[in-house]
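Each chain, written out:
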Amino acid sequence: MNELLPATARPALIECYGAEFRSGDPEAAAAYTKVLMAAFDFEIPAHASAEPFAASTELFFLPDVTVSWAKITASRFTRTMRTIAARGTDQILVVCYRNGHFDMTTGGETKRVEAGEIAFIDLSQAITIEAPLVDNISLAVSRRKLEAMVPFLDAAHGFVRPRDALSKLLYGMLEGIVAAGADLPVVDARGIAGAALQLVVACLEPLSRQSAESGRNTVSLVAIKAFIEQHLLEPTLGPQALLDTFGITRSTLYRLFEPLGGVSAYIAQRKLNHAFRLLSDTRQPRGRISQLATELGFSHPSAFTRAFKDAFGLSPKTVQALAEQSREQEVQLLISPEPMQYLKPLRTS
């Protein structure tokens, strides 16, 4: 239909790219590593090192989300805290394998995710993924976009939605986007992306339900956690501030947070996670670490540094330096984006 319209009347279409790395190319694995470098460190597992490497992928850039599919030989994808600090990518990935399976390791726990199940990966947290054969379709969305829609987004990392009616609907929509691909008008893509995000939120609904059911006073637990998130940079945030705000007894407060390791430990971890995001976010202006430590309620910058390094294995100064290098690299990539040399438009006009 669009071919019959004059060029000025044709609707603008979404950007979409593809890449293929053939098994006969000795540089294929190194090239694919560069394409993936913003999200993961990539390597071929030792058991498959003698096998020829091959990969193909397509990416579709809709408003607010990116949908992609990939087929790759045996692969391992790793994201460490150092990688996170150095790359600055802060997205949520929603991944579904069309065939086969993959093993996902987060927080020392490994889960096997089968074809048809939907896995959620928070790129601000560490993870290792290994698959004997990759055949997946995925959606990437900015954390900032999704966290306004999901109350407990941090708990989404490593969450697996089983094969059910809802996961099938989301998978079907992603397949539909891929099928429409290069012919998808931007004006339609906006609504489609919004519908896909609503399905993502619906798939994560069990997280909110579990969090609400983890205490007797369900409203208080949800409200208290929301209050903590809103006041992370207030030095006075602590158990006493929560008692004063919500008017509950100390025993009730401690009971609510007992499954989460205790209220003080929970607040401390949320503060440290928030600090890591601020220090590693390339869009944030570079601030003084001592000032951040004071805002988070630490008695001295050295106490903050010790707690931070214990939690992430890197000092705040190191994370900030890695983020600064990433910011400089982003400026360079605007001039000569290395990964883009391997991605070709799916249409020529």
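Structure first, text after, so check above.
Just so it is clear, the model here is predicted, and its values are computed rather than measured.

J.: So what exactly am I meant to see when it comes to the overall build of the chain here?
T.: Helices and strands together make up the secondary structure of the chain, namely 13 helices and eleven strands. Going through the 349 residues of the chain one by one, you find that 46% of them count as buried. Within the chain, residue pairs in contact and separated by at least 24 positions form 75% of the contacts whose partners lie at least 6 positions apart.

J.: Please clarify how the packing of helix 10 (residues 263–280) against helix 12 (residues 301–312) should be interpreted in this entry.
T.: Packed helices, taken two at a time, are described by the angle between their axes plus the distance between the axes. Packing of helix 10 against helix 12 brings their axes to within 10 Å, and their N-to-C directions diverge by 90°. By the angle between their axes, helix 10 is roughly perpendicular relative to helix 12. Counted together, Gln269, Leu272, Asn273, Ala275, Phe276 and Leu279 of helix 10 and Phe304, Ala307, Phe308, Ala311 and Phe312 of helix 12 form the full contact between these two elements.

J.: Looking at this structure, I do not really get helix 9 (residues 250–257). What am I missing?
T.: Residues separated by three or four positions in an α-helix point in the same direction, a consequence of the helix having 3.6 residues per turn. All of the buried residues in helix 9 are Thr252, Leu253, Leu256 and Phe257. Along the long axis of helix 9, the arc covered by the buried residues comes to 120°, so they all point the same way.

J.: Explain the pattern of salt bridges here, please?
T.: A side chain with one charge may pair with a side chain of the opposite charge, provided their charged atoms come close. Summed over the entire model, instances satisfying the criterion amount to eleven salt bridges. Across the salt bridge formed by Asp64 and Lys145, the nearest N and O atoms sit 3.5 Å from each other. In this pair, Asp64 is assigned in the loop between strand 3 (55–62) and strand 4 (65–79) and Lys145 in helix 3 (residues 143–147), connecting sequence segments 81 residues apart. We classify Lys145 as partly exposed; its relative accessible area is 35%. Linked by salt bridges that have partners in common, Glu43, Arg76 and Glu130 make up one network.

J.: Can you walk me through the nonpolar core in this structure?
T.: As a rule of thumb, nonpolar side chains are buried together in soluble globular proteins. Leu62, Phe120, Leu139, Leu146, Leu170, Val200 and Leu204 are the most contacted members of the largest nonpolar core, which has 36 residues in total. Those elements that provide at least two residues to this core are strand 3, strand 4, strand 5 (91–97), strand 8 (118–122), strand 9 (127–142), helix 4 (165–180) and helix 5 (186–203). Excluding anything up to four places from it in sequence, Leu139 contacts Val65, Thr66, Val67, Ile92, Leu93, Val94, Leu174, Ala196 and Val200. Of all hydrophobic cores here, the second largest spans 33 residues; its members include Ala28, Phe42, Leu59 and Ala70.

J.: Looking at this structure, I do not really get unusual backbone geometry. What am I missing?
T.: One can expect most non-glycine residues to show negative phi and most peptide bonds to be in trans. At Asp64, a residue that is not glycine, the phi angle is positive and equals roughly 75°. Residue Asp64 is classed as partly exposed on the basis of its relative accessible area, which comes to 46%.

J.: Would you mind going over the pairing of strand 3 with me for this structure?
T.: Residues in a regular strand point their side chains to alternate faces of the sheet. The element strand 3 is largely enclosed, with a buried count of six among its eight residues. Across seven bridges, strand 1 (residues 15–21) lies against strand 3 in antiparallel orientation. Bridge pairing links Glu20 to Ser56 in strand 3. Relative to strand 4, strand 3 runs antiparallel, the two being bridged by eight bridges. Residue Phe60 lies in a different strand from strand 4, and its bridge partner there is Val67. Once strand 3 ends, the chain turns through two residues before running back antiparallel as strand 4, passing Asp64 with a positive phi of about 75°.

J.: Which parts of the structure should I look at to understand the environment of Leu296?
T.: Relative to the assigned elements, Leu296 resides in the loop between helix 11 (289–295) and helix 12. In this structure Leu296 comes out as buried when scored by relative accessible area, which is 2%. Distance in space between the C-alpha atoms of Leu296 and Glu234 is 6.1 Å, their sequence separation being 62 residues. In contact with Leu296, other than residues within four places in its own chain, are Leu232, Leu233, Pro235, Lys271, Ala275 and Phe304.

Criteria and thresholds
- Residues numbered from 1 in each chain as written.
- Predicted model: local features only at pLDDT ≥ 70, side-chain atom pairs only at ≥ 80, totals over all residues.
- Heavy atoms only, no water.
- Helix = DSSP H or I, 4+ residues; strand = E, 2+ residues; numbered from the N terminus.
- Buried < 20%, exposed > 50% of the residue type's maximum accessible area, 1.4 Å probe, protein only.
- Contact = heavy atoms within 4.5 Å.
- Axes fitted to C-alpha atoms, helices over the stretch in contact; angles between N-to-C directions.
- Parallel < 35°, antiparallel > 145°, perpendicular 65-115°, else oblique.
- Arc of directions from axis to C-beta.
- Salt bridge = Lys/Arg side-chain N within 4 Å of Asp/Glu carboxyl O.
- Core = buried A, V, L, I, M, F, W, Y, C linked by side-chain atoms within 4.5 Å.
- Pairing = 2+ DSSP bridges.

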